[in-house]
Amino acid sequence: KSAANAIPEMGGARVAEPPLEPTPEFLAELQRESDALENETPQAILKWAVDRFAPKFTMATAFGPEGMTIIHMLAEIAPETPVFNLETGYQFQETLQLRETVLERYGITVEYKYPEQTVEEFEAANHGPVYLTDPNRCCFERKLRVLHQAARGWHAWASAIRRDQSEDRARAPIVGWDKKFQLVKISPLANWTKNDVWSLIMKEKIPYNPLHDQGYPSIGCQPCTRSVLPGEDERSGRWSGFQKTECGLHSS
Ligand code: SF4
């Protein structure tokens, strides 16, 4: 295996040099590490990720309950970990406020990553809001393209996905190669349930988006998020009226 891709023993503090390449050997190593971490706590998984990949380890967050939980853990394990948010220009004020709360509570500055065009420029160039006519393209321009740019230069990032969220996510390894963004993806909460997340939020008084208490289980951009009724699917409030349930960040 290449020296750049070599993985130290768990708990090692070696820093890998770029670029990481998804060689068969490296992917096999990731699989072994993932298997070894399968029964570890999210904190232990994050600690491993920091030891292995920092300072090339980062996290993108939309300030959801799982993301806030990981930020809370990172604040204890490695508060210097860079965290960023895709600021599409369409986020709820309540979501933007969480960034300030994270700074106050944890001293962590979540960096905004912006699309090239402002909302005004984007809508003017497209004769109106693109989310009304083609949300896939809107998400591509305002999220995916920005995320591809933001992912460059990093070796690994933390993902807030849980396996019980969807069929696609059910196959997520703890540690795996993110083909879409070409870096290692670590999912410390893969084995947690929604109940596990909210139990910790309540126990530790982790800040969360107040919209969750107003019928919004899943929160994205304001124009594409509505509250859901009791019994409705959690994500049915996202892109309601369109055949779309994911922005494309996590789908393979
Ligand atoms: Fe555009 Fe809606 Fe996607 Fe946000 S969630 S980027 S407003 S389509």
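Refer to the structure printed above.
Residues numbered from 1 in each chain as written. Predicted model: local features only at pLDDT ≥ 70, side-chain atom pairs only at ≥ 80, totals over all residues. Heavy atoms only, no water.

Here helix α2 (residues 42–53) contains twelve residues, and its C-alpha end-to-end distance of 16 Å stays within 8% of the 16 Å for a straight helix at 1.5 Å per residue. When you tally the buried positions in α2, you get nine out of twelve residues, the bulk of the element. If you check which residues of α2 are buried, you get Pro42, Ile45, Leu46, Trp48, Ala49, Val50, Asp51, Arg52 and Phe53. Along its buried surface, α2 packs onto α1 (24–37), β1 (57–60), α3 (65–77), β4 (156–158), β5 (175–178) and β6 (183–186). (Helix = DSSP H or I, 4+ residues; strand = E, 2+ residues; numbered from the N terminus. Expected span 1.5 Å × (residues − 1). Buried < 20%, exposed > 50% of the residue type's maximum accessible area, 1.4 Å probe, protein only. Contact = heavy atoms within 4.5 Å.)

Now for helix α4 (residues 93–106). A rise of 1.5 Å per residue sets the reference length of α4, with its 14 residues, at 20 Å; its end C-alpha atoms lie 20 Å apart and thus fit the reference within 8%. Within the span of α4, buried status applies to Thr95, Leu96, Leu98, Arg99, Val102 and Tyr106. Contact partners of the buried residues in α4: α3 and β3 (111–113). Phi turns positive one or two residues past the end of α4, at Gly107, with a value near 70°.

Note that β1 and β4 share three bridges and pair parallel. When the bridges of β4 are listed, Phe57 appears paired with Ala156. Pairing analysis gives two bridges linking β1 to strand β2 (residues 83–86), with the strands arranged parallel. Within β2, the residue paired with Ala60 across the bridge is Phe84. In this region the chain leaves β1, passes through α3 and returns to the parallel neighbour β2; the handedness of that crossover is right-handed. (Pairing = 2+ DSSP bridges. Right-handed = clockwise from strand over helix to strand, strands pointing away.)

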